[in-house]
Amino acid sequence: HYLARSTDDKKRREAIVGEAAGLADEALAASPDDPAAILWWAASQGEQAAIDRNMKALRSLKEIRSKLEALRAKNPGYGGAAADRALAQLYRNAPGLISFGSSKKAREHFESALQIAPDYPANLVYFADFLAASNDRERARQLAQRALAS
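Below, the structure is looked at part by part. (Residues numbered from 1 in each chain as written. Predicted model: local features only at pLDDT ≥ 70, side-chain atom pairs only at ≥ 80, totals over all residues. Heavy atoms only, no water.)

Structural notes on the packing of aromatic side chains
This is how the line gets drawn: Whether two aromatic rings pair depends on their centres lying within 6.5 Å, for rings of Phe, Tyr and Trp, where Trp uses its six-membered ring; planes under 30 degrees apart make the pair stacked, over 60 edge-to-face, and the rest tilted. Two conditions define a charge located above a ring, namely a distance within 6 Å from the ring centre to NZ of Lys or CZ of Arg, and an angle within 35 degrees of the ring normal.
The full count for this structure, using the stated rule, is four aromatic pairs. An aromatic cluster of at least three residues, connected via ring pairs, comprises Phe110, Phe127 and Phe130. The cationic tip of lysine 67 hangs over the ring face of tryptophan 41; the distance from NZ or CZ to the ring centre is 5.3 Å.

Okay, structure coming up:
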């Protein structure tokens, strides 16, 4: 999904995301309990939902949330609390009026990720970005400095 974000060509982005989603589906089918497969599947489905922006996309957000919550319950520390970090981003980016988007829940999952893996750079960077967007600039600065020091 990172490659897809690197292009401004919509058709190219859609092709990359489609290919990534297919590969992630195969990986998840082959290893449904593998944390890495779950995370990459969730990332590819999230990118697909961001492109589609329709009712099917909203349904897929619920499935993403379900798989991430299951991963969090089974293996909360995997990947530096990757399930909490991904759930935080999901709650942050999902539409609030017609879906389950929630700044409060995003903050709770970012806080949980920091409790589990307090020095994991991605937790610090993503939470700092969230805080800066929420006008908590002092705490955002502190977390960003911690990330740079790690």
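Considering unusual backbone geometry
The cut-off we apply is this: Helix numbers and strand numbers start at the N terminus; a helix is a DSSP run of H or I with at least 4 residues, a strand a run of E with at least 2. Buried residues are those whose accessible area, probed at 1.4 Å on protein chains only, stays under 20% of the maximum for their type, while exposed residues exceed 50% and partly exposed ones sit between those limits.
At alanine 81, a position not held by glycine, the phi torsion is positive, near 70°. Along the chain, alanine 81 turns up in helix α5 (residues 78-93). Positive phi outside glycine occurs at asparagine 135, with the angle close to 65°. Note on placement: asparagine 135 falls in the loop between α7 (121-133) and α8 (137-149). Of the residues examined, asparagine 135 reaches a relative accessible area of 59% and is grouped as exposed.

Examining the packing of α5 against α7
To be explicit about the condition: Whenever a helix is involved, its axis is fitted only over the stretch in contact; in every case the axis is a line through C-alpha atoms, and angles between N-to-C directions fall within 0 to 180 degrees. By the definition adopted for this analysis, an angle is roughly parallel if under 35 degrees, roughly antiparallel if over 145, roughly perpendicular if from 65 to 115, and oblique otherwise. Definitions for this section: a left-handed crossing has its near helix turned counterclockwise from the far helix by less than a right angle. A right-handed crossing has that turn clockwise. By definition, residues are in contact when any of their heavy atoms lie within 4.5 Å. Any residue outside Ala, Val, Leu, Ile, Met, Phe, Trp, Tyr, Cys, Pro, Asp, Glu, Lys and Arg is labelled polar, Gly included; the first ten of those are nonpolar and the last four are charged.
At a minimum axis distance of 10 Å, the contact between α5 and α7 shows a crossing angle of 20°. When the axis of α5 is compared with that of α7, the two are roughly parallel. Along this stretch, α5 crosses α7, giving a crossing that reads as left-handed. The residues of α7 that touch α5, namely those facing Gly80, Ala81, Arg85, Gln89 and Arg92, are Ala122, Asn123, Tyr126, Asp129, Phe130 and Ala133. Each residue belonging to the contact of α5 with α7 can be placed in one class, and the counts come to five nonpolar, three polar and three charged.

Side note on the packing of α5 against helix α6 (residues 103-116)
The N-to-C vectors of α5 and α6 enclose an angle of 160°; their axes lie 8 Å apart at closest approach. Viewed along their axes, α5 and α6 adopt a mutual orientation that is roughly antiparallel. Pair α5 / α6 crosses with left-handed handedness. Residues Ala81, Asp84, Arg85, Leu87, Ala88, Gln89, Tyr91 and Arg92 of α5 touch α6, and the partners they reach there are Lys105, Ala106, His109, Phe110, Ser112, Ala113 and Ile116.

Points about the environment of alanine 88
Looking at where alanine 88 falls in the secondary structure, it is placed in helix α5. Once the C-alpha coordinates of alanine 88 and phenylalanine 130 are considered, the two residues, 42 residues apart in sequence, prove to be 9.3 Å apart. In contact with alanine 88, not counting residues within four places along its chain, are Ala106, His109 and Phe110.

Focus on helix α3 (residues 35-52)
Put simply, the rule reads: How far a helix is expected to stretch is found by multiplying one less than its residue total by 1.5 Å.
Across its 18 residues, α3 extends 25 Å between first and last C-alpha, which sits within 8% of the 26 Å expected from 1.5 Å per residue. Three or more residues of α3 are buried, namely Pro35, Ala37, Ile38, Leu39, Trp41, Ala42, Ala43, Ser44, Gln45, Glu47, Ala49 and Ile51.

A look at the nonpolar core
Rules: Buried Ala, Val, Leu, Ile, Met, Phe, Trp, Tyr and Cys residues form a nonpolar core when they are joined through side-chain atoms within 4.5 Å.
Residues Leu61, Ile64, Leu68, Leu90, Phe127 and Leu143 are the most contacted members of the largest nonpolar core, which totals 33 residues. When sequence neighbours within four positions are dropped, the list of residues in contact with leucine 90 reads Leu61, Ile64, Arg65, Leu68 and Phe100.

Topic: the pattern of salt bridges
Applicable threshold: Just to be clear on terms, a salt bridge is a Lys or Arg side-chain nitrogen sitting within 4 Å of an Asp or Glu carboxyl oxygen.
Taken as a whole and assessed by the stated rule, the structure comprises eight salt bridges. The partner of arginine 92 in a salt bridge is aspartate 129, and the shortest N-O contact between them spans 2.7 Å. Separated by 37 residues along the polypeptide, arginine 92 in helix α5 and aspartate 129 in helix α7 bring together distant segments of the chain. In this structure arginine 92 comes out as partly exposed when scored by relative accessible area, which is 25%. Classification of aspartate 129 as partly exposed rests on a relative accessible area of 43%.

By themselves, these figures tell us nothing about what the structure is for.
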